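# Overview (structure and organization)
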Amino acid sequence: MIDVVNLRKSFNKVDVLNGINVTINKGDIVAVIGPSGSGKSTFLRCLNCMEDPTGGSIIFKGVDIADMKVDINEHRRHMGMVFQHFNLFNNKTVLQNIMLAPVHLQCKDLKKQMRQNLINSILNMFRGEKNKKEIVQITKNKEQIKREAKEQAMTLLKRIGLEEKANAYPSTLSGGQKQRIAIIRSLAMNPDVILFDEPTSALDPEMVGEVLELMRELAAEGMTMVVVTHEMGFAKEVANRVIFIDEGVIKESNSPKEFFENPQDPRLKDFLAKVL
Amino acid sequence: MGNFEKKIETFITIFFEQGGSAKVLEGLENTLTIAITGLIIGILIGTVIATIRVLPKYKLLPRILNAICSFYVAMFRGTPMVVQLLVFYYVLFPIIGLKMTSVQVAIMVFGLNSGAYISEIMRGGIQSVDPGQMEAGRAVGLSFGTTMMKIVIPQAVKNILPTMGNEFIALIKETSVVSFVGVTDLYFAFNSIGSNSYEFMVPYLVMAAIYIVLVLIISLLIKLMERSLQKSDRRS
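Summarised in this report is the structure supplied together with it. Bear in mind the structure is a predicted one, so any value in this text is a computation, not a measurement.

Moving on, we come to the packing of helix H4 (residues 142-159) of chain A against helix H5 (residues 175-187) of chain A. Residue and element names in this part refer to chain A. Between H4 and H5, the shortest axis-to-axis distance is 10 Å and the interhelical angle comes to 145°. Like other packed secondary-structure pairs, H4 and H5 cross with a definite hand, here right-handed. Residues Gln152, Leu156, Leu157 and Arg159 of H4 form the contact with H5, whose own contacting residues are Ile181, Ile184 and Leu187. Class assignment of the residues belonging to the contact of H4 with H5 gives a composition of five nonpolar, one polar and one charged.

This is the structure in structure tokens:
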């Protein structure tokens, strides 16, 4: 689903990524590990162009999104992202956090389609019988979009057992609750892949479990996930591929069993000896 | 202090019997109109400029816009309000042949001037919001503009409300220069009452009192607004 070809990124002439090549298939759960400063977070942030790559390409569903000309917003809808510091919208309630993007974007599409229909119906008067463009039936209105988004949001909240927090503001929640809501916020967009940028690094130890549990559930449902993490246990048990990034390149990429039991790269051996 | 009583009597006579009150009311109305409309225009201009100035700068268009905005801010912060008023009223508008009343010119100059200041206040406010908020908005597919409008600016406004209060208060007080282009404002009204009787003490004291009351009312309103905006901070 995502093909990364020779991805490069430099910040003010400091090279962070020096040519990363990796293919992520549908249903893959890829754990990305590496020492700090190795470029693993930058790699993840390049995948949805949060950082614009300096070179190479990222083919997402057949489109090179590293190209500055593509409408990146359109593609980001299909790529969820979960941050280390949750980044829930502080001025919105939990429910609004989840509903905001789906409602806003669907309403925007609706308006665009209505505009397009209007233009087409006017132009059709002048077009020949064969050249007439189709008028797309509009089946939803704004209220329906809102109602459906709300239903979906409540279902997602029930799933993580936080439906009574729907009208609370993020400042009243614990770290674990915030991160789980951040995860279902990206789920509400029905993404094809979710990128996790060290989702448990800012959590108190006792809250790491609940977040990992939710991620395990998503993995079991077949969600494609790319996870930058320091949780070796998670990488071992849940991922079907583990990638070791160091000095801006992929030093090793293997199944978790091989990766942890039979590491080849000397830097990886060194790294694993320190963290395990 | 018999003298003082007489001064008050003179003031009261002029105020109530010789049309002083009408003049003061007109002045109050002009002062408030100029300050409030100027502030609203300033907020609109300031928000737009602040947004332009925090745009990512690797494309050409944002850079050009940014340069224009920097120039605008430098111009309006670099010259006194009186000079701007005089230039607009006596130089700029006659040259381009625009016919505007002196009150309209004052509103425009106050709007443009406070726009320059508010843009900097707003930019500080926007930069004080965690960059993660913008990232989170962009990550779910919202555009820069939408994220700005729905997520970042509401949080920025909450942070800068006290400073905005300052700006409004400064604006109200600065209206006292609009008589330079012939607007009857509070200062002008009381000054003419004073000139009628060559007795300035009481009119000036009353004028000071009115300004203070205005500013106190504004401070109170700002405090109320701050409290209502803080609802997302409170634990419920």
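Moving on, we come to the pattern of salt bridges. All names here are of chain A. Throughout the structure, instances matching the rule amount to 20 salt bridges over all chains. The partner of glutamate 217 in a salt bridge is arginine 159, and the shortest N-O contact between them spans 3.4 Å. Here glutamate 217, found in helix H6 (residues 205-220), pairs with arginine 159, found in helix H4; they are 58 residues apart in sequence, far enough to count as distant. The class of glutamate 217 is partly exposed, set by a relative accessible area of 33%. The residue arginine 159 makes a salt bridge to glutamate 221 at a minimum N-O spacing of 2.7 Å. With arginine 159 in helix H4 and glutamate 221 in the loop between H6 and strand S8 (224-228), the pair connects residues that are 62 residues apart, well separated along the chain. Each of Asp246, Glu247, Lys251 and Arg267 takes part in one network of salt bridges that share partners.

Residues and elements named next belong to chain A. Across the sheet, which stays open at both edges, the six strands sit in the order S6-S7-S8-S3-S9-S10 with mixed pairing between neighbours. Bordering the open sheet on either side are strand S6 (79-82) and strand S10 (249-254), each of which pairs with just one other strand. Neighbour to neighbour, the strand axes of the sheet diverge by 20° on average, direction disregarded. Both S6 and strand S7 (residues 193-197) contribute to a ladder of four bridges, which runs parallel. Residue pairing across strands places glycine 80 opposite isoleucine 194, the latter belonging to S7. Against the sheet, helix H1 (residues 40-47) touches strand S3 (29-33), S6, S7, S8 and strand S9 (241-246), its axis set at about 150° to S7.

The rules behind the values
- Residues numbered from 1 in each chain as written.
- Chains lettered and ligands numbered in written order.
- Predicted model: local features only at pLDDT ≥ 70, side-chain atom pairs only at ≥ 80, totals over all residues.
- Heavy atoms only, no water.
- Axes fitted to C-alpha atoms, helices over the stretch in contact; angles between N-to-C directions.
- Helix = DSSP H or I, 4+ residues; strand = E, 2+ residues; numbered from the N terminus.
- Left-handed = near helix turned anticlockwise from the far one by under 90°.
- Contact = heavy atoms within 4.5 Å.
- Nonpolar A, V, L, I, M, F, W, Y, C, P; charged D, E, K, R; others polar.
- Salt bridge = Lys/Arg side-chain N within 4 Å of Asp/Glu carboxyl O.
- Buried < 20%, exposed > 50% of the residue type's maximum accessible area, 1.4 Å probe, protein only.
- Pairing = 2+ DSSP bridges.

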